[in-house]
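# Summary of structural features
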Amino acid sequence: MTATLSRSRRRPRIARHRRSKTMTKAVRYDEFGGTEVLRVDEVDLPVPGNGQVLVRVKAAGINPGEAAIRTGAMADIFPSTFPSGQGSDLAGIVAEVGAGVDRFAIGDEVIGFSERRAAQAELVLVDVDNLTPKPDSVSWEVAGGLYVAGVTAWRAVHSVQLDIGETIVVSAAAGGVGSLAVQLARRAGATVIGLASEPNHGWLRTHDVIPVAYGDGVIDRIKAAAPSGIDAFIDAYGDGYVEMALVLGVAAERIDTIADFAAAARYGVKTEPGTNGRPGAEVLAELAALIADGHLEVPIANVYPLTQVRQAYTELERRHTHGKIVLSP
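Now for a quick tour of the structure. (Residues numbered from 1 in each chain as written. Predicted model: local features only at pLDDT ≥ 70, side-chain atom pairs only at ≥ 80, totals over all residues. Heavy atoms only, no water.)

## Quick look at the overall build of the chain
Going by this rule: Numbering of helices and strands starts at the N terminus; helices are DSSP runs of H or I of at least 4 residues and strands are runs of E of at least 2. Restricting the calculation to C-alpha atoms gives the radius of gyration, and the globule rule supplies 2.2 Å times the number of residues raised to the power 0.38. Pairs of residues are marked as contacts when any of their non-hydrogen atoms sit within 4.5 Å. Using a 1.4 Å probe, accessible areas were evaluated by the Shrake-Rupley method; residue-level cover was limited to the displayed protein chains. In this tally Asp and Glu are treated as negative and Lys and Arg as positive; neither His nor the chain ends contributes. Here the site of a charge means atom NZ of a Lys, CZ of an Arg, CG of an Asp or CD of a Glu.
Within the chain, the regular secondary structure consists of eleven helices and 15 strands. For a compact globule of 329 residues, the expected C-alpha radius of gyration is about 20 Å, and the chain comes in at 21 Å, within 12% of that figure. Seen through its principal axes, the chain has C-alpha atoms that stretch 65 × 50 × 35 Å. In the chain, 65% of the contacts between residues at least 6 apart in sequence involve partners at least 24 apart. Here the chain has roughly 14,600 Å² of accessible surface; of this, 50% comes from carbon and sulfur atoms. Computed over 33 positive and 39 negative side-chain charges, the inter-centroid distance for the chain is 9 Å.

Now the structure itself:
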């Protein structure tokens, strides 16, 4: 009791001390372009409003979609105002809470996401409904890179409505989304074929996934691995995999792509993200619990300091990483 009261009384002093700082660092860019437009700026310290939490970021994931937004390729879907921030995934420590927030207190460790494309920063404002507690056994790097890839993979697997014993193919099966999708599909009781480069086949096998190399002849290799046919397909890469799934005889409603929106519109297949369902923080909590219990692995390809955000995206945009790349402010 004494220790609890003492910790509670210290919290206001922590908040006042932190407010003595007026500036913080965040990733910014002023125009659409390549990695060269990215910089780390000194910005005004955010002030939490009603229902908001100020989080001191320990890790922030990066994602291919953010690179597409930055280049302007998705301007019709995600319009930008400049200067623009970047990033959704984050994990960190609660630094301050706004009015009406009673679920979290200063010092709590949390996982969450920014809907304002602002996660790649030292301090980020997050709506309280977009946060969930971080289990002690989940590392900062894993927690910080979980939201976009994890929730996208979860929704993609649910959208193709797998039954026990069915067979599914996942492209880019060792990437950020694909590496989680194959594990979630296995947990759903499916036989999973993962398309990936040879160096990633060992990892796939350790997760009971049948590895198949992509490239010339891939359709024949998939048919050999699944002589009874393919029931569902998750495309985490784009570049013709939707058409491949149709050639393999997969029904359009059992195909989900997170990368080829033009093909989705043309053939009527599903797309992720964008499926309505459980709130993101609720799914995030479920995924974090699976990781904490050892039932789900999030491979970390690399960790960069915030100041090396350009190098981090350069590696990401080569599209050959195994798992997630994370920034560490």
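## Considerations on the sheet that holds strand β11 (residues 232–235)
Strand pairing in a sheet relies on backbone hydrogen bonds. The paired strands run either parallel or antiparallel. The line we're drawing: A pair of strands counts as paired when DSSP detects no fewer than two bridges linking them. A fitted line through C-alpha atoms represents every axis, and for helices the fit uses only the stretch in contact; the resulting angles, taken between N-to-C directions, go from 0 to 180 degrees.
Across the sheet, six strands lie side by side as β10-β9-β8-β11-β12-β13; this open sheet has parallel pairing. Strands at the two margins of the open sheet, each flanked by one partner only, are β10 (210–212) and β13 (270–271). In this structure, strand β8 (residues 167–170) lies alongside strand β9 (residues 191–195), joined through four bridges in parallel fashion. Each bridged residue has a counterpart across the sheet, and for Ile168 the counterpart in β9 is Val192. Here helix α5 (residues 176–187) sits on the sheet in contact with β8, β9 and β11, set at roughly 170° to β8. Each of β8, β9 and β10 touches helix α7 (residues 218–225); the most contacted strand, β10, lies at about 160° to it.

## Observations regarding the pattern of salt bridges
As a reminder, the rule being used: The rule for a salt bridge is simple: a side-chain nitrogen of Lys or Arg has to be within 4 Å of a carboxyl oxygen of Asp or Glu. Accessible area is worked out with a 1.4 Å probe on protein chains only. A residue is then buried under 20% of its type maximum, exposed over 50%, and partly exposed in between.
Within this structure, the stated rule accounts for nine salt bridges. In this structure, the salt-bridge partner of Asp129 is Arg103, at a minimum N-O distance of 3.0 Å. Pair noted here: Asp129 is in the loop between β6 (123–127) and β7 (131–133) and Arg103 is in the loop between β4 (89–97) and β5 (109–113), with a separation of 26 residues, a long-range link. Residue class for Arg103 comes out partly exposed when judged on its relative accessible area of 45%. Between Arg254 and Glu166 there is a salt bridge, and its shortest N-O distance comes to 2.6 Å. Within this pair, whereas Arg254 is found in the loop between α8 (241–247) and β12 (255–257), its partner Glu166 is found in the loop between α4 (147–159) and β8, the two being separated by 88 residues in sequence. Each of the two residues, Arg254 as well as Glu166, counts as buried. Linked through salt bridges whose partners overlap, the residues forming this network are Asp30, Arg39 and Asp41.

## Here's the deal with the nonpolar core
How we decide: For this analysis, a nonpolar core means a set of buried residues of the types Ala, Val, Leu, Ile, Met, Phe, Trp, Tyr and Cys, connected via side-chain atoms within 4.5 Å.
Formed by 48 residues in total, the largest nonpolar core has its most connected members in Leu162, Ile168, Val182, Leu184, Val192 and Ile234. Those elements that place two or more of their residues in this core are β5, α3 (140–144), α4, β8, α5, α6 (201–206), β11 and α10 (280–292). Discounting residues that sit within four places of it in the chain, Leu162 has contacts with Val157, Ile168, Ala185, Ala188, Ala190, Ala232 and Arg254.

## Things to note about the packing of α4 against α10
How we decide: Orientation is classified from the angle alone, with under 35 degrees giving roughly parallel, over 145 giving roughly antiparallel, 65 to 115 giving roughly perpendicular, and any other angle giving oblique.
Between α4 and α10, the shortest axis-to-axis distance is 10 Å and the interhelical angle comes to 95°. Classified by the angle between their axes, α4 and α10 sit roughly perpendicular to one another. Taking contact as the criterion, the partners of Tyr147, Gly150, Val151, Trp154 and Arg155 in α4 are, on α10, Gly280, Val283, Leu284, Glu286 and Leu287.

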